[in-house]
Amino acid sequence: MSTKQFDVVVIGGGPGGYIAAIRAAQLGFNTACIDEWKNDKGGPAPGGTCTNVGCIPSKALLQSSEHFEHANHHFADHGISADNIKMDVAKMIGRKDMVVKQNNDGILYLFKKNKVSFFHGRGSFVAAKDGLYEIKAGEEVILAKHVILATGSNARQLPGAPFDEENILSNDGALRIGAVPKKLGVIGSGVIGLEMGSVWRRLGAEVTVLEGLPTFLGAVDESVAKEAAKLFKKQGLKIELGVKIGEVKSAKDGVTVAYTDAKGAAQTLAVDKLIISIGRVPNTIGLNPEAVGLKLDERGAIEVDGDCKTNLPNVWAVGDVVRGPMLAHKAEEEGVAVAERIAGQHGHVNFNTIPWVIYTSPEIAWVGRTEQQLKADGVEYKAGQFPFLANGRARALGDTNGFVKFLADAKTDEILGVHIIGPMASELISEAVVAMEFKASAEDIARICHAHPSLSEATKEAALAVDKRTLNF
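Model, not experiment: these values are computed from the prediction.

Glancing now at unusual backbone geometry. That bond from Ser-361 to Pro-362 is cis: its omega, 5 degrees, falls within 30 degrees of zero. Structurally, Pro-362 can be placed in the loop between strand S18 (356-358) and strand S19 (363-368). With omega at -5 degrees, the peptide bond leading from His-452 into Pro-453 counts as cis. With respect to the helices and strands, Pro-453 occurs in the loop between helix H12 (442-447) and helix H13 (457-466).

Enumeration over the complete set of coordinates arrives at 24 salt bridges. One salt bridge connects Lys-226 with Glu-222, and the closest N-O pair in it is separated by 4.0 Å. Placement of both Lys-226 and Glu-222 in helix H7 (residues 222-235) is noted, with a separation of four residues, approximately one turn of the helix. The exposure class of Glu-222 is partly exposed, given its relative accessible area of 45%. The partner of Lys-382 in a salt bridge is Asp-413, with the nearest N and O atoms 3.4 Å apart.

Pairing is parallel across the open sheet formed by five strands, whose spatial order is S8-S15-S9-S10-S11. A single partner strand is all that each edge strand has here, and the edge strands are strand S8 (168-169) and strand S11 (238-240). Sheet analysis places strand S9 (residues 183-187) next to strand S10 (residues 206-210), joined by five bridges and oriented parallel. Following the sheet pairing, Leu-184 is matched in S10 by Val-207. Of the strands in this sheet, S9, S10, S11 and strand S15 (273-276) touch helix H6 (residues 191-202), which is tilted by about 175 degrees from S9.

Our next topic: the sheet that holds strand S14 (residues 266-271). The sheet built from three strands is open, its strands ordered S12-S13-S14 with antiparallel pairing. Each end of this open sheet is capped by a strand with a single partner; those strands are strand S12 (244-251) and S14. Taking each pair of neighbouring strands and ignoring which way they run, the sheet shows an average axis angle of 15 degrees. In the sheet, S12 pairs with strand S13 (residues 254-260) via six bridges, with the strands oriented antiparallel. Bridge pairing in S13 places Ile-245 opposite Tyr-259.

Time to look at the side chain of Ser-153. Relative to the helices and strands, Ser-153 resides in strand S7 (residues 153-155). Looking at Ser-153, the relative accessible area reads 4%, which means it is buried. At a separation of 2.7 Å, a polar atom in the side chain of Ser-153 contacts the side chain of Asp-320. If we skip the residues at most four places from it in the chain, Ser-153 touches Thr-49, Arg-280, Val-281, Pro-282, Asn-283, Asp-320 and Met-326.

The rules behind each value
- Residues numbered from 1 in each chain as written.
- Predicted model: local features only at pLDDT ≥ 70, side-chain atom pairs only at ≥ 80, totals over all residues.
- Heavy atoms only, no water.
- Helix = DSSP H or I, 4+ residues; strand = E, 2+ residues; numbered from the N terminus.
- Salt bridge = Lys/Arg side-chain N within 4 Å of Asp/Glu carboxyl O.
- Buried < 20%, exposed > 50% of the residue type's maximum accessible area, 1.4 Å probe, protein only.
- Pairing = 2+ DSSP bridges.
- Contact = heavy atoms within 4.5 Å.
- Axes fitted to C-alpha atoms, helices over the stretch in contact; angles between N-to-C directions.
- Polar contact = N/O pair within 3.5 Å; in protein donor to acceptor, adjacent residues only side chain to side chain.

Structure (structure tokens):
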């Protein structure tokens, strides 16, 4: 029996991988994608961490918990009486699982539609010979002219506190908690920690976040981070900065965390469940890079150049397993760019205009440089800010926390960064991304007509504020 041969084989079916496979197929390549993720019945579940235990399920839980919080605390403001509100956690988790399955099935449909051959199982290198790569695809061995590696990342473990997904949880276990814990601990105040902490706080858990760094959300614009810290504290999220984690003990009745606080005092936190969200590490488990001489860096990431080429001919890598931000949409853009480069086109990814989002309430989103980065780089800039408190649509929604902030070059007025904390920040940031891609000035946004009443008017007003001429504040 002859071995199946493909023009392009993608290892990994997450956002970077499945998108790369679809784009390669669109460009006329005979394409295969290998992914080993299983659903609870052992069937294929493409979509990677993002779809299965990351972006998609966390947004489903955030939505459910937000509805619950609104019903308990905000419906009365609208004249809606609702007594004895209860949360059926099992049903909420079931809905989340259904959303995940819809996305899994959607990817399998897209493979079929685009004539991408799908192999369910682990993908790994066997050998390189005669200008082709021999690859194990589950139970089969196939040949590839070009290989795109999109194997993603895994949750970083805290030394001495391995994940058991019962008491000590990664993002995976945090999405499957069966009942609202009385006390929940979170180590790490990054995106996952804050989002999961928010979900369970809304449902009634007492949440404490322990962060090793002395600053809160250090990558975020300072004024946004300060506003976020103030609002999260008001909501009841307890955040301790500058802590040093000591021994973590897990028992049947919960977890205890010994730590030193910012003042150097010894403390103990006792919780029912502990979520550890201290970052992610590149995943090359089972890839067998040694078989072909694939180079990894000191972090365990696959070494690539600016075009996502590895040290091997016709082998590329994208997404979390390479340098750059570990974001699903960054992986997708790299996947498209690589497929186009294989076709002789000029795929391009601009790291300076990749948006970042934290889906807490209020949402936080930004693109470009922060004010502290501009100061550190010695860039002369102008800043403009507009509060949602002065926005008509935000008032009607009953969600007036936060603001939009523009940073523009002092001489040219080119937009250098946009930072939003407030309602629907994740959607509003797209206008800023488009503007920055087209090298727009703050004046350009200020002169564009925005629908009234809309949250996007806050973006226009912040652009006007750069020139100190807001109209509604």
